[in-house]
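# Examination of the molecular architecture
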Amino acid sequence: MSKPANKIRIGALQVTIWRNHGEKGIWYSVTSARGYKQGDDAWKETDSLGFDDLLTMGKLLDQAHTWIMHQQQADAKARKESVQAA
């Protein structure tokens, strides 16, 4: 499995940002998860959220959106510089 481009966490909630490459260039996708402890030591993750998780996850998704927007701008600048150098 490939390495995430970024992870953003608040408490038990986390979003993972993935950089994808394809014929049309680079695009980003996001997965969200809530960690919970099962038993004494085993940590698990779920994509199920409770009522109290919703606003916090919204904030995480907003932060992910901002991070991706900045990355897309950096990607475009790098592409432009690459074309100019060629």
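An account of the accompanying structure is given in this report.

## Some thoughts on the side chain of Gln14
By secondary structure assignment, the location of Gln14 is in strand β2 (residues 13-22). Here Arg9 takes part through its side chain, which lies 2.4 Å from a polar atom of the side chain of Gln14. The residues contacting Gln14, other than those within four sequence positions of it, are Lys7, Ile8, Arg9, Thr31, Ser32, Ala33, Glu45, Met57 and Leu60.

## What about the pattern of salt bridges?
With the rule as written, the count across this model stands at one salt bridge. Close ionic contact of Arg34 with Asp53 constitutes a salt bridge, the shortest N to O distance being 3.3 Å. With Arg34 in strand β3 (residues 25-38) and Asp53 in the loop between β4 (42-46) and α1 (54-85), the pair connects residues that are 19 residues apart, well separated along the chain.

## A word on the packing of aromatic side chains
Under the definition given, this model contains one aromatic pair. Centre to centre, the rings of Tyr28 and Trp67 are 6.1 Å apart; their planes meet at 85 degrees, and the pair counts as edge-to-face. In this pair, Tyr28 is assigned in strand β3 and Trp67 in helix α1, connecting sequence segments 39 residues apart. The class of Tyr28 is buried, set by a relative accessible area of 12%. In this structure Trp67 comes out as partly exposed when scored by relative accessible area, which is 22%.

## Describing the nonpolar core
Formed by Ile8, Leu13, Val15, Ile17, Tyr28, Met57, Leu60, Ala64 and Ile68, the largest nonpolar core amounts to nine residues. Among the elements of the structure, β2 and α1 are those that each provide at least two residues to this core. At four residues, α1 tops the list of elements feeding residues into this core. With sequence-adjacent residues up to four places away left out, Ile17 is seen in contact with Pro4, Ala5, Asn6, Ile8, Tyr28, Ser29, Val30, Ala64, Trp67 and Ile68.

## Comments concerning the sheet that holds β3
With antiparallel pairing, the four strands of this open sheet are ordered in space as β1-β2-β3-β4. Edge positions in the sheet fall to β1 (6-10) and β4, since each has one partner strand and no second. Sheet twist, expressed as the average angle between the axes of neighbouring strands with direction ignored, equals 30 degrees. Note that β3 and β4 share five bridges and pair antiparallel. Counted as the bridge partner of Gln38 is Ala42 from β4. Strand contacts of α1: β1, β2 and β3, with the helix running at about 30 degrees to β2, the strand carrying the most contacts.

Rules of the game
Residues numbered from 1 in each chain as written. Predicted model: local features only at pLDDT ≥ 70, side-chain atom pairs only at ≥ 80, totals over all residues. Heavy atoms only, no water. Helix = DSSP H or I, 4+ residues; strand = E, 2+ residues; numbered from the N terminus. Polar contact = N/O pair within 3.5 Å; in protein donor to acceptor, adjacent residues only side chain to side chain. Contact = heavy atoms within 4.5 Å. Salt bridge = Lys/Arg side-chain N within 4 Å of Asp/Glu carboxyl O. Phe/Tyr/Trp six-rings, centres within 6.5 Å; stacked < 30°, edge-to-face > 60°. Buried < 20%, exposed > 50% of the residue type's maximum accessible area, 1.4 Å probe, protein only. Core = buried A, V, L, I, M, F, W, Y, C linked by side-chain atoms within 4.5 Å. Pairing = 2+ DSSP bridges. Axes fitted to C-alpha atoms, helices over the stretch in contact; angles between N-to-C directions.

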